Amino acid sequence: MIFLKRQLPLAITFVMGVTFAFQYYIPHPVSEEAITNVSKWMQIISGFALALGLASIFHVHAVKIKRQVPGWGYSIVLYAAMLATIVVGFKSGGETKVDGAQTAFGWLYDYSMVPLQGTMFSILAFFIASAAYRAFRARSPEASVLLVSAVLVMMGRVPLGQFLLPWTWDITQWLLNVVNSAVRRAILIGVSMGQVALSMKIILGIERAYLGGGKDQ
Amino acid sequence: MIGIDRRIIFLLIAAAVLLPLLRPFGLPIKVSPEVRGVYEYIEALPERSVFLLSFDFDPSSKPELEPQAVALLRHAFRKNLRVIGMTHWLTGTGLADDVFSRVAAETGKERGKDYVFLGWSPGAGSLIIAMGQDLYKAFPSDYTKTPTQGMPVLEGVRSLRDVNYMVSLAAGSSGIEMWYVFGKDKYRFEMAGGSTGVIAPGLYPFLRSGQINGLIGGLQGAAEYETLIKRKGTATAGMDAQSATHFVIIILVLLCNMFYFVLRGEKGKVR
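What counts, and where the lines are drawn
- Residues numbered from 1 in each chain as written.
- Chains lettered and ligands numbered in written order.
- Predicted model: local features only at pLDDT ≥ 70, side-chain atom pairs only at ≥ 80, totals over all residues.
- Heavy atoms only, no water.
- Contact = heavy atoms within 4.5 Å.
- Buried area = accessible area lost by both parts, 1.4 Å probe.
- Salt bridge = Lys/Arg side-chain N within 4 Å of Asp/Glu carboxyl O.
- Polar contact = N/O pair within 3.5 Å; in protein donor to acceptor, adjacent residues only side chain to side chain.
- Helix = DSSP H or I, 4+ residues; strand = E, 2+ residues; numbered from the N terminus.
- Nonpolar A, V, L, I, M, F, W, Y, C, P; charged D, E, K, R; others polar.
- Buried < 20%, exposed > 50% of the residue type's maximum accessible area, 1.4 Å probe, protein only.
- Pairing = 2+ DSSP bridges.
- Right-handed = clockwise from strand over helix to strand, strands pointing away.
- Core = buried A, V, L, I, M, F, W, Y, C linked by side-chain atoms within 4.5 Å.

Description of the interface of chain B and chain A
Inference 1: Taken together, the contact between chain B and chain A spans 74 residues of the former and 55 residues of the latter.
Inference 2: When chain B packs against chain A, close to 5,700 Å² is buried across both sides, 63% of that on carbon and sulfur atoms.
Inference 3: Between the two partners, chain B and chain A, sit two salt bridges.
Inference 4: Between E95 of chain A and K145 of chain B there is a salt bridge, and its shortest N-O distance comes to 2.6 Å.
Inference 5: Here chain B is connected to chain A by 20 residue pairs in polar contact (both at pLDDT 80 or more).
Inference 6: Ranked by residues supplied to the side of chain B that touches chain A, first place goes to helix α10 (residues 234-270) of chain B with 15 residues.
Inference 7: Within the side of chain B that touches chain A, the residues separate by chemical class into 37 nonpolar, 20 polar and 17 charged.

Dropping the structure here:
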């Protein structure tokens, strides 16, 4: 069992990791055929992630309902909405439109999912305004720099600000293109170096957390 | 005053959004070089060039990214480009198909001949690699289940290497960064990005290094693109509301700081 649980996955990871790291630099037809096939495998495996996610969400909310944790009623709503969508989806054959006419599934998408998601996102504006009023204070020199930059960018990114104080446009462009880019680039390089190091550790079998934490690990 | 009831703030924001929508003041929109970069590249493409538009967002980002998609499609169809559409976000599929159908009907373009919407397929990065290797293996059929092989719009297109320009309209991951890493870097096509306002600043390093040749950021970016194609849409209409909202937030922040310093001064005097 330990071979299947530990040595085989480590061997597969090592072989595939090394092979496809080198594949990138080998434009031979055999190498190209290999990446074509493997990318198709990866797509199929990604498809399974959906089924896994569905099973996981069912399990998490079943436990909540069983234990009647606070807010368990919402889990029932989730179950009802999800099952209704699945049933309607199957009945409509997964189609949102048939011969230009909207199906029940398409109706669910257009008149429940689209407005619900839009509403969730749009109420952020209200909370951001409230949070900005309470928390955006010049308590320290760093906070003051952040505050001034934010006000300038908010002015420079809208026509009214550009109209009243035209110079905020240039300052905003400079802040985004120079200061922001430099800082973001530093963060990106740091994160990327970390990703390379982690990938190397996984390929070489040093990092094994992805194998799970069974007793026989 | 510093502990103002947040319902008053909510009312102020609601008024700032609603009033300009009811009575727009229509200020001119200034165009940034990053948005102009996308426009000029599309403008320079010869007729029937292949333009790939990836709708990497879902309905939550519709107000910002749909106007960008509409403006880009109007421009591409006006230039008589062949447009390939797709999405990496499953929940954005219906939305993307609707935008394609609407703009195509408005410009008299035909599905399968002038454009194709491939829909969604799992895999994200691996899907891009699959498309880069063989588009027909990655998408054997389009969103309407029509086989992609032999479609007039895809004539001469085998993989991403045959794409002349691509724009990813992204609300997060999977999006622009992924298209660059798995797509442009290996399959050598020119690309740009369109994003929500909140993630746009994070994409400037890619813009500065030339990894993307243009960036349409948020509703402002969409309004700039509408200005460039001389066709006002929902983004231009929404900019007045955005202007007013920004100003309400700025005034609130300044007021809050004023009260904060007054209170701090009074506390200092008491001590």
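Don't stop here, the text continues.
Looking at the pairing of strand β5 (residues 190-195) of chain B
All names here are of chain B.
Inference 1: Of all six residues that make up β5, five are buried, and the element is covered over most of its length.
Inference 2: Across six bridges, strand β4 (residues 165-170) lies against β5 in parallel orientation. Paired with M166 across the strands is M191, a residue of β5.
Inference 3: Running through helix α7 (residues 176-187), the crossover from β4 to the neighbouring parallel element β5 is right-handed.
Inference 4: Where β5 and strand β6 (residues 215-217) come together, three bridges link them in parallel fashion.

Points about the nonpolar core
Note that soluble globular proteins tend to have their nonpolar side chains buried in a common cluster.
Inference 1: Residues V38, F51, F55, L72, L73, V167 and Y225 of chain B are the most contacted members of the largest nonpolar core, which totals 40 residues.
Inference 2: Looking at this core, the elements with two or more residues in it are α4 (104-122) of chain A together with α2 (33-44), β1 (50-56), α3 (62-78), α4 (93-107), β3 (115-120), β4 and α9 (218-228) of chain B.
Inference 3: Ranked by residues supplied to this core, first place goes to α3 of chain B with eight residues.
Inference 4: Not counting chain neighbours up to four residues away, the residues in contact with V167 of chain B comprise V38, F51, L52, L53, S54, L72, A192, G193 and G194 of chain B.

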